[in-house]
Amino acid sequence: MTLWVTFRMPENNMRFSTRAIHAGQPPEPLTGAVNVPIFLSTTFAQASPGKSKGFVYGRTGNPTRAVLERTIAELEGGKAGLAFSSGLGALVTLVESIGSRQRIVAIDDVYGGTWRLLDHHHRKFGVDVEFVDMTRIDSIRAALARARTDLVYLESPTNPLLRVVDIRAISRLSHAAGAHVAVDNTFATPALQRPLELGADIVLHSTTKYLGGHSDVLGGALAFRDPRLARRFAWLQNTVGAVPSPFDSFLILRGIHTLGIRMRAHEASARAVAEVLERSSKVRATYYPGLASHPQHRIARRQMSGFGGMVSFELANAGAAGRFARALRIFTLAESLGGVESLADHPASMTHASVPPEIRRARGVRDGLIRLSCGIEDPADLADDVGRALRRV
Ligand SMILES: *Cc1c(COP(=O)(O)O)cnc(C)c1O
C-alpha cells in the first residue's frame, strides 16, 4: 500500500492515550482531514492493468480499514493488524490460517461463542481441541506433551470468571513445543495489557467491546508480532471475506481515541462495585483481578497496568440471580460488555448458554454467577445500584 496510512508515526515512545489518538493516524494529506475519511468506494482506479495505488477492491483493502488496522497494530506493539466484521470473524480466520487437522490447546474458561466455534464447528473439520485450566502451569505442560500442538489459545482475564494466566510463562512453554500463541485481549485492551510484549504471537480482539466502546458497532481484529505471519492471515482475510465496513471501521477508530480515559473510568467503577460485593454476606465469591483476594492478583499486577471494568460474582443463593438482575436500575440486563453503559449478564442462561450445563458447572460457571460490565457512569451510583439489588435477594 502506498497511501499515507503506511507511514509509521514517530509517537511510538509516547504514552498510551497519546498514541491512541495519533499513532497510525496522521492527517489525510490530500485535504488535511484530521479524522480519517470514510472511503465507501468498493473499487479503485488502476493506471494500467495491475498498477494500483495500493488499493484494488474493498474486500482486499480499504483506506479507512487500513488506518484502523495500523492503529490496532501500533497500540498492541505489533508489526501488522487485520480488521474483521466481528470477533468471531477474526477467530475463524485465525484458526483456519493455522491449518487443517491442527491441534489447539485452549483455555477452559472462554467466551461462549469461542467455545461453540472451536468445539461445535472446527471439530467437524478435523481440528482437535483440548480445553485446559491454564492457571495451572502443569496442566498446560501436560497438554503440550500429549501431542504436537499448533496453537495455544487463551484469554486473560477470562470470560466470565476473570481468571488471570501468566502469558509470559505460557508463551515460553508453547514456543518450546513449537506452537503459536494467540491471546484474546478483549477484556484488558492494549491500554492495560500487551500480550505481544509478553511473548504471544497474535492478539485477538472483539472490537465490539471496549475498543468500539459504545455498544453500537460489531468488529474484530488481529495484531501480529511477525509481519510474515500477518501476510498469511491477510490472504485468508481476503479469501474468507469477514471484513468490516468502512463506516464500522471509522466508528471503532473513533472509540479507540478515548480508550485510555475510558479504561481508567471503567476501572474506578469496577473497583467500587467489587468492594460492595466483597463486603456483602449475600455473595459467596467476588472475582475481580484488582482485589488482593483474587487468586492471581500477583500475576495481574505483573502483566497488567490496570485491572479493567469487568467484575463477576456468585450469589450465595444460586436461585436468586433473576431477582438480583430485575432489581438493578442502572445496570441493564443484556449480553455484551465494554460499552460506556453498565450491563449485567447471567452467563448460565445468556452468554454461556451454548456450553453444556455439566461442562459449564464443572468449570465454575454456576447458576448463581453474575457478570457485570461496569460502565463509566458515576462509580458511587453503580455501587449503590448493586448494593440495593443485593438487599432484594
Ligand atoms: C464478544 C467476545 C468475542 C466475540 O466477539 P464478537 O464481536 O461478538 O464476534 C470473543 N471474545 C471475547 C472475550 C468476547 O467478549
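1. Structural notes on the pairing of strand β9 (residues 310–315)
Counting buried positions along β9 yields 6 of 6 residues, so the element is predominantly enclosed. On β9, burial covers both faces: Met 310, Ser 312 and Glu 314 on one face and Val 311, Phe 313 and Leu 315 on the other are all buried. Summarising the sheet, strand β8 (residues 283–287) and β9 pair through 4 bridges and their orientation is antiparallel. Looking at the pairing, Tyr 287 lines up with Ser 312 of β9.

2. As for the environment of Thr 135
By secondary structure assignment, the location of Thr 135 is in the loop between β3 (128–132) and α5 (137–146). Spatially, the C-alpha atoms of Thr 135 and Val 164 are 7.0 Å apart, while their sequence positions differ by 29 residues. The contacts of Thr 135, once residues within four sequence positions are left out, are Arg 163, Val 164, Val 165 and Gln 296. Among the polar contacts listed, one links the side chain of Thr 135 to the side chain of Asp 133, at a separation of 2.5 Å.

3. Focus: the nonpolar core
Core analysis: the biggest nonpolar cluster contains 63 residues, and Phe 324, Leu 372 and Val 386 have the highest contact counts within it. The biggest single contributor to this core is helix α10 (residues 259–279), with 8 residues. Inspection of this core shows a minimum of three residues originating in each of domain 1 (4–257) and domain 2 (260–391). Apart from the residues within four sequence positions on either side, Val 386 is in contact with Val 273, Val 276, Leu 277, Phe 324, Leu 328, Phe 331 and Leu 372. Listed in part, the 47 residues of the second largest apolar core include Val 95, Tyr 153, Ile 167 and Leu 173.

The rules we used
- Residues numbered from 1 in each chain as written.
- Predicted model: local features only at pLDDT ≥ 70, side-chain atom pairs only at ≥ 80, totals over all residues.
- Heavy atoms only, no water.
- Buried < 20%, exposed > 50% of the residue type's maximum accessible area, 1.4 Å probe, protein only.
- Helix = DSSP H or I, 4+ residues; strand = E, 2+ residues; numbered from the N terminus.
- Pairing = 2+ DSSP bridges.
- Contact = heavy atoms within 4.5 Å.
- Polar contact = N/O pair within 3.5 Å; in protein donor to acceptor, adjacent residues only side chain to side chain.
- Core = buried A, V, L, I, M, F, W, Y, C linked by side-chain atoms within 4.5 Å.
- Domains from an automatic or database assignment.

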